[in-house]
Amino acid sequence: MADQVKTSALISTARALVAGDKGLLAMDESTSTCNQRFAELGIPQTVEARRSYRELLVTTPRLGECISGAILYDETIRQRTREGTSLVEVLLRAGIIPGIKVDLGAKELAGFPGEKVTEGLDGLRERLTEYLQLGARFAKWRAVIATGEGLPTQACMEANVHALARYAALCQEAGLVPIVEPEVLMDGSHTLERCFGVTEEVLGMLFAQLYTQGVALEGMLLKPSMVLAGKDCPQPSSVDQVADATVTCLLRTVPAAVPGIAFLSGGQSPEQASRHLNAMHIRFERKMPWALTFSFARAIQQPALEIWKGQDANVAAAQGALYHWASCNSAARRRQYGTGV
Ligand code: 13P
């Protein structure tokens, strides 16, 4: 009985995260990733600068109109605004569900140069309990898969999908919706067809592992990469090719029981990411069994960060840019990105 109640809470949170035309804001950069992005723009790499930036993001006016959930990082879920309100509280007041990144990063996979495996399973049960108490209702774990000559290896794919499935099972046990993120990286010169093959194989293996580990598909979300040619591929793909390849691949591999799929942006520009999402909705309207939405970090945040530059005077303009890109992706879900509607 208690398990049934827990499962129905997971299902309703998962559905709420992908409802309507909303999507997620990933703002879960680790301290080192956040510092790296600050360094590129000459922003001081301090706890206070990171806190101010996260405050800017969560206090963006009307953000809740297009954002259903925000993924936080361990440092951020404990932080407060200058006035002393916890960032979690600010999100809840805006109608945004707080979530938390729980993996401890991708580390070199022993014996397989150029490949990584995501760590963080040890002690995860206890960390999840704490995050639930801090207000998180969902979690995220990212695995990275590199494509290249002889890559990815079976060893890399197996290690990563196994970890993702064990993470997902632990989340559901704790009462948190797992967002399962297998990212096929855009780095390299591989073709769109090669990306399709790798993504199809990884997702096939992933859902087999989720089944083996007893994960309830109705109470999870998938966060995949789009199917794209590598950054250095000489043959660029058209928007429609990306939309067709991505949704075809997902239709083949993602069971209809999964309530939603929320893409990462993976280094695409904000315009590209929104155009691709829009085209998927235009070309596959009513042909998809799951909700299809966004869970972007860079494709929503980067323009805002470049405007902010660490200066208080730029906060309102940066928030305007954040709202703009969040609402563009909401428009893409309605097939209205770029139509001026
Ligand atoms: P990007 O949208 O910048 O790829 O980030 C999404 C994310 O959550 C990475 O884990």
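Since the model is a prediction, treat every value here as computed from it, not as a measurement. (Residues numbered from 1 in each chain as written. Predicted model: local features only at pLDDT ≥ 70, side-chain atom pairs only at ≥ 80, totals over all residues. Heavy atoms only, no water.)

**Let's talk about the overall build of the protein chain**
For clarity, the cut-off: Counting from the N terminus, the helices are DSSP H or I runs at least four residues long and the strands are E runs at least two residues long. Radius of gyration: C-alpha atoms only; globule rule: 2.2 Å multiplied by the number of residues to the exponent 0.38. Here the open area of atoms and residues is found with the Shrake-Rupley method and a 1.4 Å probe, where only the protein chains shown may cover a residue. His is not counted, nor are the chain ends; Lys and Arg add positive charge and Asp and Glu add negative charge. Charge positions are represented by NZ for Lys, CZ for Arg, CG for Asp and CD for Glu.
Of the regular secondary structure elements, the protein chain holds twelve helices and ten strands. The globule rule puts the C-alpha radius of gyration for 341 residues at 20 Å, and the 19 Å found for the protein chain is close to it. The C-alpha extent of the protein chain, read off along each of the three principal axes, is 50 × 50 × 45 Å. Accessible area for the protein chain stands at about 14000 Å²; split by element, carbon and sulfur atoms hold 51% of it. Put simply, the protein chain has 34 plus and 36 minus side-chain charges, and the middle of one group is 5 Å from the middle of the other.

**Description of the layout of surface pockets**
Filter applied, for reference: Put simply, the grid is 1 Å and covers the protein atoms alone, a cavity is a trapped set of points that fit a 1.4 Å probe, a pocket is an open set with protein on both sides within 12 Å along at least five of seven lines, and lining residues have an atom within 4 Å of a point. Grid points are joined across faces, edges and corners, and a volume is the space filled by probe spheres set on the points. Residues were grouped as follows: Ala, Val, Leu, Ile, Met, Phe, Trp, Tyr, Cys and Pro as nonpolar; Asp, Glu, Lys and Arg as charged; and all remaining residues, including Gly, as polar.
A volume near 890 Å³ is recorded for the largest pocket. Lining the largest pocket are 34 residues, and of these Thr-33, Arg-37, Arg-142, Glu-183 and Arg-298 sit closest to its centre. When contributions to the lining of the largest pocket are tallied by element, the ones reaching two or more residues are helix 2 (31–40), strand 6 (138–145), strand 7 (177–184), strand 10 (291–296) and helix 11 (298–308). When residues in the lining of the largest pocket are grouped by element, the largest group, five residues, is from helix 2. Looking at the lining of the largest pocket residue by residue, the classes come out as ten nonpolar, nine polar and 15 charged. When its volume is computed, the second largest pocket comes out at roughly 260 Å³. Taken together, 17 residues form the lining of the second largest pocket, with Leu-228, Ala-229, Ser-237, Gln-272 and His-276 sitting closest to its centre. Counting residues per element, the ones that place at least two in the lining of the second largest pocket are helix 9 (239–253) and helix 10 (270–283).

**With respect to the pairing of strand 2 (residues 67–72)**
In regular strands, side chains alternate between the two faces of the sheet. What counts here: Three labels apply to residues, based on accessible area from a 1.4 Å probe with only protein chains included: buried if under 20% of the type maximum, exposed if over 50%, partly exposed otherwise in between. By definition, two strands form a pair when at least two bridges between them are found by DSSP.
The buried fraction of strand 2 amounts to six of the six residues, a majority that puts the element mostly inside the structure. Relative to strand 2, strand 1 (residues 23–26) is paired through four bridges, and the arrangement is parallel. By the bridge assignment, Leu-24 is partnered in strand 2 with Gly-69.

**Digging into the side chain of Ser-52**
Rules: In what follows, residue pairs with any heavy atoms lying within 4.5 Å of each other are defined as contacts.
Summarising the element assignment, Ser-52 is placed in helix 3 (residues 47–58). Beyond its immediate sequence surroundings of up to four residues, Ser-52 is in contact with Arg-82 and Trp-308.

**Focus: the site of the ligand**
What counts here: Here a residue is near a molecule or strand as soon as one of its heavy atoms is found within 4 Å of it. We define a polar contact as two N or O atoms separated by no more than 3.5 Å, with the added condition that, inside protein, one atom must be a possible hydrogen donor and the other a possible acceptor, whereas residues neighbouring each other in sequence contribute only through side-chain atom pairs. To decide whether a molecule occupies a pocket or cavity, check its atoms: if more than half lie within 2 Å of the grid points, it is inside.
Around the ligand there are 13 residues in total, and Lys-140, Lys-223, Ser-265, Gly-266 and Arg-298 lie nearest to it. A distance of 3.0 Å is found between an oxygen atom of the ligand and a side-chain nitrogen or oxygen belonging to Glu-181. For the ligand, an oxygen atom lies 2.5 Å from a polar atom in the side chain of Ser-265. Protein chains bury 93% of the 300 Å² of accessible surface belonging to the ligand in isolation. Here the ligand is seated within the largest pocket. Those elements giving two or more residues to the shell around the ligand turn out to be strand 6 and strand 10.

**Here we look at empty space enclosed by the protein**
One pass over the structure, following the stated rule, counts two cavities of 30 Å³ or more. Roughly 80 Å³ of volume is contained in the largest cavity. Taken together, Glu-29, Cys-34, Arg-37, Phe-38, Tyr-53, Arg-54, Ala-297, Arg-298, Gln-301, Gln-302 and Leu-305 form the lining of the largest cavity. If you list the elements that add at least two residues to the lining of the largest cavity, you get helix 2, helix 3 and helix 11. For the lining of the largest cavity, the element with the highest residue contribution is helix 11, accounting for four residues. Among the residues making up the lining of the largest cavity, the classes are represented as five nonpolar, two polar and four charged. Here the second largest cavity defines a volume of roughly 60 Å³.

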